[in-house]
Amino acid sequence: MKQFDPSIPVLNHHCHVCFPHPIDEALQNYEKMFQRMAISGAGLLSCPGSSHNGGSLDVLENLKMLYLKDRLSIPCYAYAGFTWHGDDAGAYGQFARDMLEMGFDGFKTLEMHPRLRKQFGKGLNHPAFSEFFRVLSDHECVMVNHVGEPRGSWNRATANEDAIRLGRVYDESHLTLDQLHAEMEEVVARYRKIKFIFAHFYFISDNYDRCCQLMEENPNFYLDLTPGAGMCVNFNKDPELWYNFFLRYADRIILGSDLYGIDAGEDRYDLTRNFLEGTSPIPHSLGTIYPMPRPLPREALEKIYRNNVLRLQGCDPRPINREKIYAHCLDIEKQYGNQLTDMGKKNLKTMMAYWK
């Protein structure tokens, strides 16, 4: 049941493609979803290292984002996913410059997820990334980051059923949530010109005081509202406190809902909007979720749903550089062509034909 105002413009800033299916199918699904959900803008987040792609880096993820950005009928900001270059600081810096020149509007990292952080072997505070962050700082980029997982995921007894089913339970071989946060916050403090958005409310919806501290100490710190396990449940523990938080920091919170281009995820979008605007209890697998004590004022909703992203970006989506994208396609084909799955080969062929 939808309990929200369809007249408020919405830019859904947390959309992915990281499942192995035809790129044109994702394009068609997104067109239908955005029309059905009355979404007028999107943030397309590349995740080359997502577990959805079978556990290996998907070398086509960034190209998919640019393809969708150029072909979708609504304005889209595209965020390049990290590619790994060992400890070569210069290579990371060149990667950042190349992505911006191709037409990306910012960057997305999943490397501070406990599984990828373990696999990657170093945090984003490592000296290898100094040149990468220098480029982002020079351009005052927007950077979306997934850091950690719900705190209960480090204990099978407290992990939710979905986390257990999907293998998202961590042990002493993984950094703790606090350790992951400490590494990331070094970066936030060091690069004040970069606008850092943290997915899933930074997994600290259980700690109001910490949320306020981070907001007050870091003017470049923003929270993404894409529902993580238990986020709204945590807000329900002290509704008035969190209502006032949302009013106070309405210009620092960004709407998202983890759409994937596979005609799924609308329930997360409805949950978030019903929570902020609704007046009736919301049935959920985690139990009944209650909306804010009162719907947020329209001015606050407009900031969260769209205006904050426009302000952070400061401009329309960056123009696409077709020639540079096609050259990148050729590089991918030469370096990885024989390693691609049949689906990957078809998707690369589709994108190359479009950019040629």
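Residues numbered from 1 in each chain as written. Predicted model: local features only at pLDDT ≥ 70, side-chain atom pairs only at ≥ 80, totals over all residues. Heavy atoms only, no water.

**Student:** I tried to follow helix H11 (residues 266-277) on my own but got confused; where do I start?
**Tutor:** In an α-helix there are 3.6 residues to a turn, and that puts residues three or four apart on one side. Taking 1.5 Å per residue as the helical rise, H11 with its twelve residues ought to reach 16 Å, and the 16 Å between its terminal C-alpha atoms agrees with that figure. Every buried residue of H11 is listed here: Glu-266, Tyr-269, Asp-270, Leu-271, Thr-272, Arg-273, Asn-274, Phe-275, Leu-276 and Glu-277. Residues of H11 that are buried in the fold lie against strand S1 (11-15), helix H1 (23-36), helix H9 (231-235), helix H10 (239-248) and helix H12 (298-313). (Helix = DSSP H or I, 4+ residues; strand = E, 2+ residues; numbered from the N terminus. Expected span 1.5 Å × (residues − 1). Buried < 20%, exposed > 50% of the residue type's maximum accessible area, 1.4 Å probe, protein only. Contact = heavy atoms within 4.5 Å.)

**Student:** Would you mind showing me how to read the packing of aromatic side chains here?
**Tutor:** Here the distance between the centres and the angle between the planes together describe a pair of aromatic rings. Overall, the coordinates contain 34 aromatic pairs when judged by the stated rule. Seen in terms of ring centroids, Phe-201 and Trp-242 are 5.9 Å apart; in terms of plane orientation they differ by 70°. Their pairing is edge-to-face. Of this pair, Phe-201 sits in the loop between strand S6 (195-198) and helix H8 (208-217) while Trp-242 sits in helix H10, and the two are 41 residues apart along the sequence. Both residues of the pair, Phe-201 and Trp-242, belong to the buried class. Seen from their ring centres, Tyr-208 and Phe-245 are 6.0 Å apart, and the 70° between their planes marks the pair as edge-to-face. In this pair, Tyr-208 is assigned in helix H8 and Phe-245 in helix H10, connecting sequence segments 37 residues apart. Classification of Phe-245 by relative accessible area gives buried; the value is 0%. Among the aromatic side chains, those forming a connected cluster through ring pairs are Phe-82, Trp-84, Tyr-92, Phe-95, Phe-107, Phe-120, Phe-129, Phe-132, Phe-133 and Tyr-191. (Phe/Tyr/Trp six-rings, centres within 6.5 Å; stacked < 30°, edge-to-face > 60°.)

**Student:** How should I be thinking about the pattern of salt bridges in this particular structure?
**Tutor:** It is possible for side chains of opposite charge to pair when their charged atoms get near one another. A full pass over the atoms with the stated rule returns 23 salt bridges. Arg-71 serves as the salt-bridge partner of Asp-24, at 3.5 Å between the closest nitrogen and oxygen. Highlighted residues: Asp-24 in helix H1 and Arg-71 in helix H2 (residues 61-71), separated in sequence by 47 residues. Across the salt bridge formed by Glu-216 and Arg-248, the nearest N and O atoms sit 3.2 Å from each other. Taken together, the positions of Glu-216 in helix H8 and Arg-248 in helix H10 put the pair 32 residues apart, joining distant regions of the chain. Since its relative accessible area comes to 51%, Arg-248 is described here as exposed. A single network of salt bridges, built from pairs that share partners, joins Lys-2, Arg-36, Glu-266 and Asp-270. (Salt bridge = Lys/Arg side-chain N within 4 Å of Asp/Glu carboxyl O.)

**Student:** Where do I start with the pairing of S1 in this structure?
**Tutor:** Successive residues of a regular strand alternate their side chains across the two faces of the sheet. The buried count for S1 comes to five of five residues, which makes it a mostly enclosed element. Here S1 runs beside strand S2 (residues 41-45); their pairing, made up of three bridges, is parallel. By the bridge assignment, Cys-15 is partnered in S2 with Leu-44. Crossover handedness for the path S1 to H1 to S2: right-handed. (Pairing = 2+ DSSP bridges. Right-handed = clockwise from strand over helix to strand, strands pointing away.)

**Student:** In this structure, what is going on with the nonpolar core? I would like to understand it.
**Tutor:** The tendency in soluble globular proteins is for nonpolar side chains to be buried as a group. Residues Phe-107, Phe-132, Phe-133, Phe-196, Phe-201, Phe-245 and Phe-246 are the most contacted members of the largest nonpolar core, which totals 100 residues. Aside from chain neighbours lying at most four places away, what touches Phe-245 is Phe-201, Tyr-208, Cys-211, Cys-212, Met-215, Leu-223 and Ile-253. Judged by nonpolar contacts, the second largest core, of eleven residues, contains Tyr-79, Val-144, Val-309 and Leu-312. (Core = buried A, V, L, I, M, F, W, Y, C linked by side-chain atoms within 4.5 Å.)

**Student:** Got a minute to help me understand the sheet that holds S1 in this structure?
**Tutor:** For sheets, the rule is that strands pair by backbone hydrogen bonds, running either parallel or antiparallel. One open sheet holds the eight strands; their spatial order is S1-S2-S3-S4-S5-S6-S7-S8, and the pairing between them is parallel. Each edge of the sheet is formed by a strand with only one pairing partner; in this case those strands are S1 and strand S8 (253-254). Examined bridge by bridge, strand S5 (residues 142-147) and S6 share four bridges and lie parallel to one another. If you follow Val-142 over to S6, its bridge partner there is Lys-195.

**Student:** Sorry, what's going on with the packing of helix H13 (residues 322-336) against helix H14 (residues 342-355) here?
**Tutor:** Between two packed helices, the angle of one axis relative to the other and the distance separating the axes together describe the packing. Where H13 contacts H14, the two axes come as close as 9 Å, and the packing angle between them is 150°. Relative to H14, the element H13 lies roughly antiparallel. Considering the relative orientation of H13 and H14, their crossing is left-handed. Note on element contacts: H14 touches H13 through Leu-348, Met-352, Tyr-354 and Trp-355, opposite Arg-322, Ile-325, Tyr-326, Cys-329, Leu-330, Ile-332 and Glu-333. (Axes fitted to C-alpha atoms, helices over the stretch in contact; angles between N-to-C directions. Parallel < 35°, antiparallel > 145°, perpendicular 65-115°, else oblique. Left-handed = near helix turned anticlockwise from the far one by under 90°.)

**Student:** What is the right way to look at the side chain of His-113 in this model?
**Tutor:** Secondary-structure assignment places His-113 in the loop between strand S4 (106-112) and helix H4 (114-120). In this structure the side chain of His-113 is engaged in a polar contact, spanning 3.0 Å, whose partner is the backbone nitrogen of Arg-115. A polar contact of 3.4 Å, which involves the side chain of His-113, links it to the side chain of Tyr-170. Apart from residues lying up to four places away in sequence, His-113 is in contact with His-146, Gly-148, Glu-149 and Tyr-170. (Polar contact = N/O pair within 3.5 Å; in protein donor to acceptor, adjacent residues only side chain to side chain.)

**Student:** How should the pairing of S2 be read in this particular structure?
**Tutor:** Burial of S2 is extensive: five of the five residues sit out of reach of the surface. Burial along S2 is two-sided: Gly-41, Gly-43 and Leu-45 facing one way and Ala-42 and Leu-44 facing the other are all buried.

**Student:** Where do I start with the side chain of Lys-195 in this structure?
**Tutor:** Relative to the helices and strands, Lys-195 resides in strand S6. No salt bridge is formed by the buried Lys-195. Its closest oppositely charged neighbour is Glu-140, at 4.6 Å. Of note is the side chain of Lys-195, whose polar atom sits 3.3 Å from the backbone oxygen of Glu-140. In this structure the side chain of Lys-195 is engaged in a polar contact, spanning 2.7 Å, whose partner is the backbone oxygen of Leu-312. Residues in contact with Lys-195, not counting those within four places in the same chain, are Glu-140, Cys-141, Val-142, Met-143, Asn-220, Tyr-222 and Leu-312. (Lys, Arg positive; Asp, Glu negative; His and termini not counted.)

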